[in-house]
Amino acid sequence: MYTTTVRTEFVAQHYLTVPNPGPEGDPHSHHYRVELCFRGPELNEFDYIVDIDNADTALSSLADRYRDTMLNDLPEFEGYNPSVERFARVIFERVTERITDETVTELSVTIWEDEEAAASYNAAV
């Protein structure tokens, strides 16, 4: 299985909407680090699993969308608690809309919200 990974960083804000969220229920910022791992058993005619430039462009566009925003105010989080787990799923869905290389069979999205805590969403594409 081949794997190609790209990542970026940005700051965004959110607050948790669960019962008794403690201090996480107040608006606060995280310095998010987002990592995309594209996987597949075959390479394309150029010996890529995914074109890194295309993956970087998709990731940069997503970073621009979320940078310095309040996640709770965005339509993709409407009705959801904007946890780091939910955020990983949202990024997965948006990346798979943009990256359609037939050689990519799986995508893993990992989002670090600080140096100690991260969540991932992994699925076939």
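As shown above, the structure is provided for reference.
A quick note: this is a predicted structure, and the numbers were derived from the prediction, not measured.

**Digging into the overall build of the protein**
Looking only at helices and strands, one finds two helices and four strands in the protein. N-terminal to C-terminal, the α/β element order of the protein is β-β-α-α-β-β. Dimensions of the protein along its principal axes, counting C-alpha atoms only, are 50 × 30 × 25 Å. The proportion of buried residues among the 125 residues of the protein is 41%.

**Here we look at the pattern of salt bridges**
In total, this model carries five salt bridges according to the counting rule given. The shortest N-O distance in the salt bridge between Glu76 and Arg94 comes to 3.4 Å. On the criterion of sequence distance, the pair formed by Glu76 in the loop between helix H1 (52–66) and helix H2 (84–98) and Arg94 in helix H2 is long-range, its members being 18 residues apart. Sharing partners across several salt bridges, the network here consists of Arg65, Glu76 and Arg94.

**Describing the environment of Gly79**
Tracing the backbone shows Gly79 in the loop between H1 and H2. Through-space distance from the C-alpha of Gly79 to that of Thr17 is 9.5 Å; in sequence the pair is 62 residues apart.

**Looking at the environment of Leu62**
Mapped onto the secondary structure, Leu62 falls in helix H1. Given a relative accessible area of 1%, Leu62 falls into the buried group. A sequence separation of 40 residues divides Leu62 from Glu102, and the C-alpha atoms of the two residues are 21 Å apart. Setting aside residues up to four positions removed in sequence, Leu62 forms contacts with Ile91, Arg94, Val95 and Arg98.

**Structural notes on the packing of H1 against H2**
Relative to each other, H1 and H2 sit at 135°, their axes nearing to 10 Å. As summarised for this structure, H1 and H2 are arranged oblique, according to the angle between their axes. Crossing of H1 over H2 shows right-handed handedness. Note on element contacts: H2 touches H1 through Phe87, Val90, Ile91, Arg94, Val95 and Arg98, opposite Ala58, Ser61, Leu62, Arg65 and Tyr66. In terms of residue class, the contact of H1 with H2 is made up of seven nonpolar, one polar and three charged.

**Some details on the sheet that holds strand S2 (residues 28–40)**
Here we have four strands laid out as an open sheet, ordered S1-S2-S3-S4, and antiparallel in their pairing. Either end of the sheet is taken by a strand with one partner, and the two such strands are strand S1 (2–14) and strand S4 (118–124). Sheet twist, expressed as the mean angle between neighbouring strand axes with direction ignored, is 15°. Where H1 meets the sheet, it contacts S1 and S2, and its direction lies at approximately 10° from that of S1. The sheet strands contacting H2 are S1, S2, strand S3 (106–112) and S4, and the helix crosses S3 at an angle near 140°.

The rules behind the values
- Residues numbered from 1 in each chain as written.
- Predicted model: local features only at pLDDT ≥ 70, side-chain atom pairs only at ≥ 80, totals over all residues.
- Heavy atoms only, no water.
- Helix = DSSP H or I, 4+ residues; strand = E, 2+ residues; numbered from the N terminus.
- Buried < 20%, exposed > 50% of the residue type's maximum accessible area, 1.4 Å probe, protein only.
- Salt bridge = Lys/Arg side-chain N within 4 Å of Asp/Glu carboxyl O.
- Contact = heavy atoms within 4.5 Å.
- Axes fitted to C-alpha atoms, helices over the stretch in contact; angles between N-to-C directions.
- Parallel < 35°, antiparallel > 145°, perpendicular 65-115°, else oblique.
- Left-handed = near helix turned anticlockwise from the far one by under 90°.
- Nonpolar A, V, L, I, M, F, W, Y, C, P; charged D, E, K, R; others polar.
- Pairing = 2+ DSSP bridges.

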